[in-house]
Amino acid sequence: MDEPIIRLDHISKKLSVKNGGEEIVTKILVDISFDIAQGEFTAITGPSGSGKTTLLYLMGGLDRPDTGRAFLDGQEISAMEEEELAEMRNAKLGFVYQFHFLLPEFSAVENVMMPMLARGRASTGEARRRAAELLSELGLSDRLHNKPNQLSGGQQQRVAIARALANSPKVLLADEPTGNLDSKNAETIYKLFSDLNTRTGQTIVVVTHDEHFASETKRILHILDGQVSSDRQLR
Amino acid sequence: MKINYHLFMIALRQLLNRKRQTFLTLSGISVGVMVLITAVSLMDGLLQSFIQKIVEIAPHVIVSGEKVRPTVPDQLVESHGNTHVTFIKNVSREDQEVIKNYPRIESLIQRDSLVELISPSVSTDVIGMFGTISEPIQLFGIIPALEDGIEKFSKNMISGSLSDLEKTPDGIMLGSSVAKDFTSRVGDRMQIVAPSGQIFSVRVVGIFMTGINDIDDNCYVNLRLGQNIGGFSPDEASNLYIRVNNLSRDGLVARTIEQETNYRAITWEEKAASVVALFKMISGIVYFLVFFVIMVAGFGVANVLITNVLEKVRDIAVMKSLGFKRSEITWIYLIQGIMVALVGATIGCVLGFVLIEIMSSIPMASSSASTIRTDHLMMGKNPMYFVGASIFALIVSMVAAVGPSRSAARVNPVEILRGER
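Asker: Would you mind showing me how to read the overall build of chain B here?
Answerer: In terms of helices and strands, chain B carries 15 helices and twelve strands. Taking 421 residues into account, the globule formula puts the C-alpha radius of gyration at 22 Å, and chain B, at 34 Å, lies well above it. Burial statistics for chain B: of 421 residues in total, 47% are counted as buried. Summed over its atoms, the accessible surface of chain B is roughly 20600 Å², and 61% of this surface lies on carbon and sulfur atoms.

Following this line, the structure appears as structure tokens:
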């Protein structure tokens, strides 16, 4: 585990917002550098507007830094073309958002199949089998064929996690995954992430402002005003 | 790229999610395709029935007395050494345009295996008199059995019969318009004043009606009588009417005749060219108008796709974050356009077929008796109408789908996902 799975190297990012005629430029991230090793379970915390979500998107190749370089699994993603990034996201990353963002027309199992079917990666039968397996592992074996609107908030989020895990990603990136859940459901999700990390060694980066959730992880990176203000190793 | 099953499913589910709008769009395409098919069928049917009518009762090739190359030049200047010869005026008598020694010409023409039938005739402008009524008429001298093969009189007789004309040397057969003007019936005697002033007495043996005014205005006598009235000699004819056994080769037949006999020969297409051109122009205008019906249907397709893209922008962003390629997103919306077009075109074809059947069974009081008794609307029937209209609808829908699918492919996931909070 000498080679870090994620490396951010002097990353800066500005966001310009047009407000009427004038352009307001906000520095979101300022010269950030850190590594995340394989198998780590990291929480990124900080007040809202501190740039933690942007940081996550940069790690996931959804957004690009203005300066600096981002690496995933040894590849410089900040230099990739859009189509390469899409391929890389599909193969190596899983995303979980604050909202479940499931496709409403499709059942739980079909939603989980999507990342496997995208780019013709897997056959339909293969994808269906793996999707059902994943959902069962997350305790949803009796909800396979329900549409998202027939599921509770906690169940929806678990389907979203199953979808993120569909292609056995190198890194699972989660953006406030419990932000929209009650404490009981949130607890289930913490446990799930924690289990996943200890059981399978899944690398997880989770953005949260939930102190309790953060304390369950192994490392907390605190972001303040676009910079890493503290980096604590918990376990 | 390989278009996978999941893209079809996503496209289909999104369409089904907006059932009402999708249904309206489908209706637009269906109606457009139906109207296009019906219009093409109607116009094609009209043209076909018109041509069929011509071909049925008109000669395919008409040979007239006009010379292709003038036998006596109008003006001639020639030099032989010091001698110059100049024609100043052609003083030869103004020849009536007749085919001389027509039996010989006939035997020349007959050698062509494409020629099925030759009917010689003479035509003269005469005055007809019956009781107190006198009127100019065009009188044709014919050999009834032969001419029947061209103009199909025997099928169009409203009284008397063609064989009576054959059996009666002084018999005359009247077109229905003429008979109406003279109020004459079969068995009546009437007088014909020839151009020479001589009066011939003839007996009405038959009245016919073809439904074509040009023909119903004419009268027919036996060739010999016609030649006498018009002052032709027995081996002269004004026209030779020809039927060929292969319609597509009639032009060839006409050109061969002109070369071999030096008499002008024209085909029915040449005679009817202006009418056919008019038909084609009217069809063009109709197609142009119908074109807009499908264009409007195309706007409907664009509308439903734009709505789908706008409504699904979050799902598109999510799919992109899951690693869907640009081309995959593009295909989802192109497939929607294709699906709407295919289903709409299929329904339109069925509706069009039904409408054509209904329209072609509408009874139409035929204003004329004719060999083709059009007692109902004649509609063209050709599978190409359906194929053509469907392809057209497909192209319009695909073009309509290009814009929305490209804007879907351009969705930036970060902007959309961030905007959700």
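Asker: For this particular structure, what's the right way to read the overall build of chain A?
Answerer: The number of helices and strands found in chain A is seven helices and ten strands. Relative to its length of 235 residues, chain A is compact, with a C-alpha radius of gyration of 18 Å against a globular reference of 18 Å. Oriented by its inertia axes, the alpha-carbon framework of chain A measures out at about 50 × 45 × 35 Å. Out of the 235 residues belonging to chain A, those deemed buried represent 55%. Pairs at least 24 apart in sequence give 66% of the contacts found in chain A among residues at least 6 apart. Carbon and sulfur atoms make up 45% of the accessible area of chain A, which totals about 10000 Å². Positive and negative side-chain charges of chain A, numbering 27 and 33 respectively, have mean locations separated by a distance of 4 Å.

Asker: Any chance you could explain the confidence of the model for chain A here in plain terms?
Answerer: Detailed reading of the predicted coordinates is not advisable wherever pLDDT is low. For chain A, the mean per-residue pLDDT works out to 89, and 99% of the residues sit at or above 70. Highest mean pLDDT in chain A belongs to strand S8 (residues 203-207) of chain A (94); lowest belongs to strand S1 (residues 6-19) of chain A (86).

Asker: Which parts of the structure should I look at to understand the domain arrangement of chain B?
Answerer: Interfaces are often described in size by the accessible area the parts lose on coming together. Domain annotation of chain B identifies domain 1 (5-56 + 274-419) and domain 2 (95-261). Centre-to-centre, using C-alpha coordinates, domain 1 of chain B lies 53 Å away from domain 2 of chain B.

Asker: I keep staring at the interface of chain B and chain A and nothing clicks. Help me out?
Answerer: Across the boundary between the two partners, chain B contributes 27 residues, which contact 31 residues of chain A. Summed over both sides, the interface of chain B with chain A buries roughly 2700 Å², with 57% coming from carbon and sulfur. Linking chain B to chain A there are four salt bridges. Summed over the shared surface of chain B and chain A, the number is 14 residue pairs in polar contact (both at pLDDT 80 or more).

Asker: Help me understand the sheet that holds strand S6 (residues 93-96) of chain A, please; the structure alone is not making it clear to me.
Answerer: Hydrogen bonds along the backbone pair up the strands of a sheet, which may run parallel or antiparallel. Residues and elements named next belong to chain A. One open sheet holds the six strands; their spatial order is S6-S7-S8-S3-S9-S10, and the pairing between them is mixed. Unpaired on one side and paired on the other, S6 and strand S10 (227-233) mark the two borders of the sheet. Each neighbouring strand pair of the sheet contributes to a mean axis angle of 15 degrees, computed without reference to strand direction. Lying over the sheet, helix H1 (residues 52-59) contacts strand S3 (41-45), S6, strand S7 (171-175), S8 and strand S9 (219-224), oriented at roughly 155 degrees with respect to S7. Here helix H2 (residues 82-92) sits on the sheet and contacts S6 and S7; the angle it forms with S6, its principal contact strand, is near 80 degrees.

Asker: How should I be thinking about the packing of aromatic side chains in this particular structure?
Answerer: To describe a pair of aromatic rings, you give the distance between the ring centres and the angle between the ring planes. Residue and element names in this part refer to chain A. Taken as a whole and assessed by the stated rule, the structure comprises 13 aromatic pairs over all chains. Judged by centre distance (6.0 Å) and plane angle (80 degrees), the rings of Phe 193 and Phe 213 are edge-to-face. Of the two residues, Phe 193 is situated in helix H6 (residues 183-200) and Phe 213 in helix H7 (residues 211-216); the sequence distance between them amounts to 20 residues. Summarising the burial analysis for this pair, Phe 193 and Phe 213 share the class buried. These aromatic residues form a ring-pair network of at least three members: Phe 95, Tyr 97, Phe 99 and Phe 101.

Asker: Quick question: what am I supposed to make of the nonpolar core here?
Answerer: Core analysis: the biggest nonpolar cluster contains 86 residues, and Ile 6, Leu 55, Met 59 and Val 205 of chain A together with Val 33 and Phe 324 of chain B have the highest contact counts within it. Here the element with the most residues in this core is helix H13 (residues 326-361) of chain B; it accounts for eleven residues. Discounting chain neighbours no more than four positions away, the residues touching Met 59 of chain A are Ile 6, Leu 8, Phe 34, Ile 36, Ile 44, Leu 72, Ile 77, Leu 93, Leu 173 and Val 205 of chain A. Counting 40 residues, the second-largest nonpolar core is a separate cluster that includes Leu 117, Ala 174, Tyr 190 and Phe 193 of chain A.

Asker: Mind showing me how you'd approach the sheet that holds strand S2 (residues 22-36) of chain A here?
Answerer: Residue and element names in this part refer to chain A. With antiparallel pairing, four strands are arranged side by side in an open sheet as S2-S1-S4-S5. Looking at which strands have only one partner, the edges of the open sheet turn out to be S2 and strand S5 (75-76). Where H1 meets the sheet, it contacts S1, S2 and strand S4 (67-72), and its direction lies at approximately 60 degrees from that of S2.

Asker: What is the right way to read the side chain of Ser 121 of chain B from this model?
Answerer: All names here are of chain B. With respect to the helices and strands, the residue Ser 121 is situated in strand S4 (residues 115-130). With a relative accessible area of 1%, Ser 121 lands in the buried category. Beyond its immediate stretch of four places on either side in the chain, Ser 121 contacts Phe 140, Gly 141, Ile 142, Leu 223, Ala 237, Ser 238, Asn 239 and Tyr 241.

Asker: Explain unusual backbone geometry to me, please; I cannot follow it from the model alone.
Answerer: Leaving glycine out, the prevailing phi sign among residues is negative, and the prevailing peptide bond configuration is trans. Residue and element names in this part refer to chain A. Here the phi dihedral of His 10 falls at roughly 50 degrees; this positive angle occurs in a residue that is not glycine. With respect to the element layout, His 10 can be found in strand S1. Note on His 10: relative accessible area 45%, which makes it partly exposed. A positive phi is found at Phe 101, a non-glycine position, where the angle reads about 55 degrees. Position of Phe 101 among the secondary structure elements: in the loop between S6 and helix H3 (108-117).

Asker: Looking at this structure, I do not really get the pairing of S2 of chain A. What am I missing?
Answerer: One face of the sheet, then the other: side chains in a regular strand alternate in exactly this way. Residues and elements named next belong to chain A. Bridging between S1 and S2 involves eleven bridges; their strand directions are antiparallel. Looking at the pairing, Ser 16 lines up with Val 25 of S2. A loop of two residues connects S1 with S2, the two strands running antiparallel in sequence, and Gly 20 in this loop sits at a positive phi of about 65 degrees.

Conventions we followed
- Residues numbered from 1 in each chain as written.
- Chains lettered and ligands numbered in written order.
- Predicted model: local features only at pLDDT ≥ 70, side-chain atom pairs only at ≥ 80, totals over all residues.
- Heavy atoms only, no water.
- Helix = DSSP H or I, 4+ residues; strand = E, 2+ residues; numbered from the N terminus.
- Rg over C-alpha atoms; globule rule 2.2 N^0.38 Å.
- Buried < 20%, exposed > 50% of the residue type's maximum accessible area, 1.4 Å probe, protein only.
- Areas by Shrake-Rupley, 256 points an atom, 1.4 Å probe, with all protein chains shown as cover.
- Contact = heavy atoms within 4.5 Å.
- Lys, Arg positive; Asp, Glu negative; His and termini not counted.
- Charge placed at Lys NZ, Arg CZ, Asp CG, Glu CD.
- pLDDT = per-residue confidence, 0-100.
- Domains from an automatic or database assignment.
- Buried area = accessible area lost by both parts, 1.4 Å probe.
- Salt bridge = Lys/Arg side-chain N within 4 Å of Asp/Glu carboxyl O.
- Polar contact = N/O pair within 3.5 Å; in protein donor to acceptor, adjacent residues only side chain to side chain.
- Pairing = 2+ DSSP bridges.
- Axes fitted to C-alpha atoms, helices over the stretch in contact; angles between N-to-C directions.
- Phe/Tyr/Trp six-rings, centres within 6.5 Å; stacked < 30°, edge-to-face > 60°.
- Core = buried A, V, L, I, M, F, W, Y, C linked by side-chain atoms within 4.5 Å.

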